[in-house]
Amino acid sequence: MGYLGVAKSLSGRRWVGPSAEVERQAEALRQRGGYAPGLAMVLSRLGVLPDLAETYLNPRLRDLLPDPRSLRDIETAAARFLRAVDRNERIAIFADYDVDGGASAALLIDWLHRMGRQATLYIPDRIDEGYGPNEPAMAELARAHDLIVCVDCGTLSHGPIAAARGADVVVLDHHLGGETLPECVAVVNPNRQDEDGALAHLCAATVVFLMLVEVGRQLRESGRSGPDLMTMLDLVALATVADVAPLKGVNRALVQQGLKIMARRDRPGLVALSDCARLDTAPAAYHLGYVLGPRVNAGGRVGRADLGARLLACRNPHEAQAMAERLEQLNAERREIEGAVRAAALAQAEERGLDAPLVWAAGEGWHPGVVGIVAARLKEMTNRPAIVIGLDGAEGKGSGRSVAGVDLGASIQKLAAEGLLIKGGGHRMAAGLTVARDRMEEAMERLSELLGRQGAGEGGAADLRLDGMLMAGAAQIDLVEALERAGPFGQGAPAPRFAFTDLCIAYAKVVGQGHLKVTADDGTGGRLDAICFGAMDGPMGAAVMNHGGARFHLAGKLDINEWNGRRTVQLCIDDVAKCP
């Protein structure tokens, strides 16, 4: 039986409510802290104890930022980087082609610019070169540079780093390390095998940021000062959310502070990108993951690999505008390509079955730049780790996304060690692989087994998790603002979602491209404005429009709608169920 008796909603989902323990802890938060029921339920679900609630709601970066020297090799890396700056050496930055890589590179470029220095940016082509350093590129960079800094890559690049003869190499990464490290000046990586794992949840941009904190410390020890690093947290926030790092601990504080920096609109690249995306409100974590992130990624997926990083590092508003417009075009192309691959992948996955620990699909000529996004869509739809592979000749290149509590990167790495993959690696939530066509079925079967051992596939694919139920009259601006204090929300900290029960439909109208605008009434004077995006594409729209006096439970996320200077609360509907 589902929550509120909803075993199968209009969209076919089972509703799952808070556990008895979460409800018990929420009651303690209400009694001891005086928190509103909705906020207390969310804090309890996030594991916040009553004594720590105020600290959680008011995180301070100074309290949560780890000492950079808790990471191995970071003092050595910072000293070598600073020496290159002091001696005006030639510096190259080799970065991954995703948002985390681009933001990491932009952090270094921005810092160097403020110190009167420059660097060469190199980002490999996704199709021609693939992920990470390669021997020809590293050898060429080494001939013209004294120091190569690899960001968001390099931990497993033994051969390519060895090829960089004549140059020093520093690696700033977060992908899972192997039994041995490449021979270079330093490998700073919280996911090295000899690290304790306390900072394993950091993205690469945060690792770069921590190295710059250590550089600042070394500058101060010599009586000098460096750039204000706090003004660079917009890049760290963008990378953290876009790379699906869990929003807990220092990550949450970094994103919260970074969003404040971003709202100042000081970085030309992000300003231009926001304007092209018609983002007319203060940025939230959602915008980083679903609006700005995909646009930064578009260059690496279907266009020029370094375009996103160059935009983030750009200081000229006119140049930034031109790059942002180009990325907007590329993102539209990406969506079109993605749509075709997604439809084919979903059909194939459904035919194979969606109940196994792993959902996967492979297709001839599927674009390498969109397989990761399609894997993310499959993961979201099925609540299971997903792999999508594009086949080309005798090989397939794929990308995967995982669910909370299941370490995909470690399983991919084990698969590679067992010889079932040509190569593969990643981190807990995302990974990439190259597999021989004739071993693909065997590899995916083994991967499903490994993921199943971690608990993948135990949750229902169609479960909708709710924080509790609220009366329509509780949907007030002060509640929404209180809930926002518990954010930002994202990976590892899902946004609050509530059920509003036993409502009649007072008003319903189709707006835009198949969206449904609704006003619901609870019969006691409480009214709730709501919108359901894409409702008319599925069964919810027809059922609500033709309600015939029936009563419904509405489930979704509360939001503040601003229109013509007025601020009102609306429910963004995720699901609808008919009352028994």
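Refer to the structure above for everything that follows.
Here is a short report on the structure shown in this document. Bear in mind that the values here come from a model prediction, so they are computed numbers and not experimental data.

Rules of the game
- Residues numbered from 1 in each chain as written.
- Predicted model: local features only at pLDDT ≥ 70, side-chain atom pairs only at ≥ 80, totals over all residues.
- Heavy atoms only, no water.
- Helix = DSSP H or I, 4+ residues; strand = E, 2+ residues; numbered from the N terminus.
- Rg over C-alpha atoms; globule rule 2.2 N^0.38 Å.
- Buried < 20%, exposed > 50% of the residue type's maximum accessible area, 1.4 Å probe, protein only.
- Contact = heavy atoms within 4.5 Å.
- Areas by Shrake-Rupley, 256 points an atom, 1.4 Å probe, with all protein chains shown as cover.
- Lys, Arg positive; Asp, Glu negative; His and termini not counted.
- Charge placed at Lys NZ, Arg CZ, Asp CG, Glu CD.
- Pairing = 2+ DSSP bridges.
- Salt bridge = Lys/Arg side-chain N within 4 Å of Asp/Glu carboxyl O.
- Phe/Tyr/Trp six-rings, centres within 6.5 Å; stacked < 30°, edge-to-face > 60°.
- Lys NZ or Arg CZ within 6 Å of the ring centre and 35° of its normal.
- 1 Å grid on protein atoms, 1.4 Å probe; cavity = no way out; pocket = protein on both sides within 12 Å on 5 of 7 lines; lining within 4 Å.
- Points joined across faces, edges and corners; volume = space filled by probe spheres on them.
- Axes fitted to C-alpha atoms, helices over the stretch in contact; angles between N-to-C directions.
- Core = buried A, V, L, I, M, F, W, Y, C linked by side-chain atoms within 4.5 Å.
- Parallel < 35°, antiparallel > 145°, perpendicular 65-115°, else oblique.
- Left-handed = near helix turned anticlockwise from the far one by under 90°.
- Polar contact = N/O pair within 3.5 Å; in protein donor to acceptor, adjacent residues only side chain to side chain.

Helix and strand counts for the chain stand at 20 helices and 18 strands. In terms of C-alpha radius of gyration, the chain reaches 24 Å, essentially the compact-globule figure of 25 Å for 580 residues. The buried share of the chain, reckoned over its 580 residues, is 56%. Restricting to contacts in the chain with at least 6 residues of sequence separation, those with at least 24 account for 65%. Accessible surface, the chain as shown: approximately 24600 Å² in total, 48% of it carbon and sulfur. The distance from the centre of the 64 positive side-chain charges to the centre of the 73 negative ones in the chain is 3 Å.

Alignment of strand β15 (residues 515–521) against strand β16 (residues 527–532), held across 6 bridges, turns out to be antiparallel. When the sheet's bridge partners are listed, alanine 520 is paired in β16 with leucine 528. The hairpin turn running from β15 into β16, its antiparallel successor, is 5 residues long, and glycine 523 in that turn takes a positive phi close to 85 degrees. With 2 bridges joining them, β16 and strand β18 (residues 566–578) adopt parallel strand pairing. Bridge pairing in β18 links isoleucine 531 to cysteine 572.

What follows concerns the pattern of salt bridges. Pairing of side chains with opposite charge becomes possible as their charged atoms draw close. The full count for this structure, using the stated rule, is 43 salt bridges. With its nearest N and O atoms 2.3 Å apart, the salt bridge here joins arginine 334 to glutamate 338. Here arginine 334 pairs with glutamate 338, and both are found in helix α15 (residues 317–352), just 4 residues apart, close to one helical turn. Residue glutamate 338 is classed as buried on the basis of its relative accessible area of 3%. Salt-bridge contacts for arginine 428 lead to aspartate 407; the nearest nitrogen and oxygen are separated by 3.4 Å. Taken together, the positions of arginine 428 in the loop between β10 (423–426) and β11 (430–436) and aspartate 407 in the loop between β9 (395–401) and α17 (408–417) put the pair 21 residues apart, joining distant regions of the chain. A residue is classified by how much of its surface remains accessible, and aspartate 407, at 12% relative accessible area, is buried. A network of salt bridges, in which partner residues are shared, links Asp67, Arg69, Glu75, Glu214, Arg217 and Glu221.

Before going further, it helps to spend a moment on the packing of aromatic side chains. For any pair of aromatic rings, the description consists of the separation of the ring centres together with the inter-plane angle of the planes. Tallied over the full model, the rule gives 3 aromatic pairs. Each ring, one from tyrosine 286 and one from tyrosine 290, has its centre 5.2 Å from the other, and the planes form 25 degrees; the classification is stacked. Within this pair, tyrosine 286 and its partner tyrosine 290 are both found in helix α13 (residues 285–302), separated by 4 residues, close to a single helical turn. Given the relative accessible area of 53%, tyrosine 286 is considered exposed. Sitting over the face of the ring of tyrosine 56, arginine 252 holds its NZ or CZ atom 3.7 Å from the ring centroid. Note that arginine 352 overlies the ring of tryptophan 360, its terminal NZ or CZ placed 3.7 Å from the centroid.

One number sums up the size of the second largest pocket: a volume of about 440 Å³. Along the wall of the second largest pocket there are 21 residues; nearest its centre are Leu61, Leu65, Phe209, Leu229 and Met230. Sorting the residues of the lining of the second largest pocket by element identifies α4 (61–64), α9 (204–221) and α11 (249–263) as the ones contributing at least two each. It is α9 that contributes the most residues to the lining of the second largest pocket, 5 residues altogether.

Further remarks concern the sheet that holds strand β5 (residues 168–172). An order of β3-β2-β4-β5-β6 is seen for the 5 strands of this open sheet, with the pairing classed as parallel. Each having just a single partner strand, β3 (120–122) and β6 (186–188) make up the two edges of the open sheet. Between one strand and the next, the sheet's axes are offset by a mean angle of 20 degrees, whatever the strand orientation. Pairing of β5 with β6, which is carried by 3 bridges, proceeds in the parallel orientation.

Attention now moves to the sheet that holds strand β8 (residues 386–392). Reading across from one edge, β7-β8-β9-β11-β10 is the order of the 5 strands in this open sheet, with mixed pairing throughout. Lying at the two open borders of the sheet, with one neighbouring strand each, are β7 (359–364) and β10. Recorded for the sheet is a direction-independent mean angle of 15 degrees between the axes of neighbouring strands. When β9 meets β11, the two strands line up antiparallel, connected through 7 bridges. Residue arginine 401 lies in a different strand from β11, and its bridge partner there is alanine 430.

Before going further, it helps to spend a moment on the side chain of threonine 519. You can see threonine 519 is positioned in strand β15. For threonine 519, a relative accessible area of 12% gives the class buried. In this structure, threonine 519 is in contact with Cys504, Ile505, Ala506, Tyr507, Arg527, Leu528 and Asp529, ignoring residues within four places of it in sequence.

On to the nonpolar core, then. Within the largest apolar cluster, 84 residues are counted, with the highest numbers of intra-cluster contacts made by Phe81, Leu108, Trp111, Val151, Leu172 and Met211. The leading source of residues in this core is α9, at 10 residues. Sequence-distant contacts of valine 151, that is, excluding residues within four places in its chain, are made with Ile93, Phe94, Ala95, Asp96, Gly101, Ser104, Ala105, Leu108, Leu172 and Val208. With 43 residues, the next largest nonpolar core counts Ala26, Ala486, Phe489 and Val518 among its residues.

The next point concerns the packing of helix α12 (residues 268–276) against α15. Between α12 and α15, the shortest axis-to-axis distance is 8 Å and the interhelical angle comes to 45 degrees. When the axis of α12 is compared with that of α15, the two are oblique. Pair α12 / α15 crosses with right-handed handedness. Together, Pro268, Gly269, Ala272, Leu273 and Cys276 of α12 and Pro317, Ala320, Gln321, Ala324, Glu325, Leu327 and Glu328 of α15 make up the contact between the two elements.

Along helix α7 (residues 135–144), the positions that sit buried rather than exposed are Ala137, Met138, Ala139, Leu141 and Ala142. If you check the start of α7, you find a side-chain oxygen 2.9 Å away from the backbone N of alanine 137, and it comes from asparagine 134.

Moving on: unusual backbone geometry. Across the junction of glycine 487 and proline 488, the peptide omega takes the value 0 degrees, indicating a cis bond. With respect to the element layout, proline 488 can be found in the loop between α19 (477–485) and β14 (498–511). Positive phi, normally seen in glycine, also occurs at arginine 278, with a value near 60 degrees. Position of arginine 278 among the secondary structure elements: in the loop between α12 and α13. A positive phi angle is found at aspartate 502, which is not glycine, with a value near 55 degrees. The residue aspartate 502 is located in strand β14 in this model. On the accessibility criterion, aspartate 502 (35% relative accessible area) is partly exposed.

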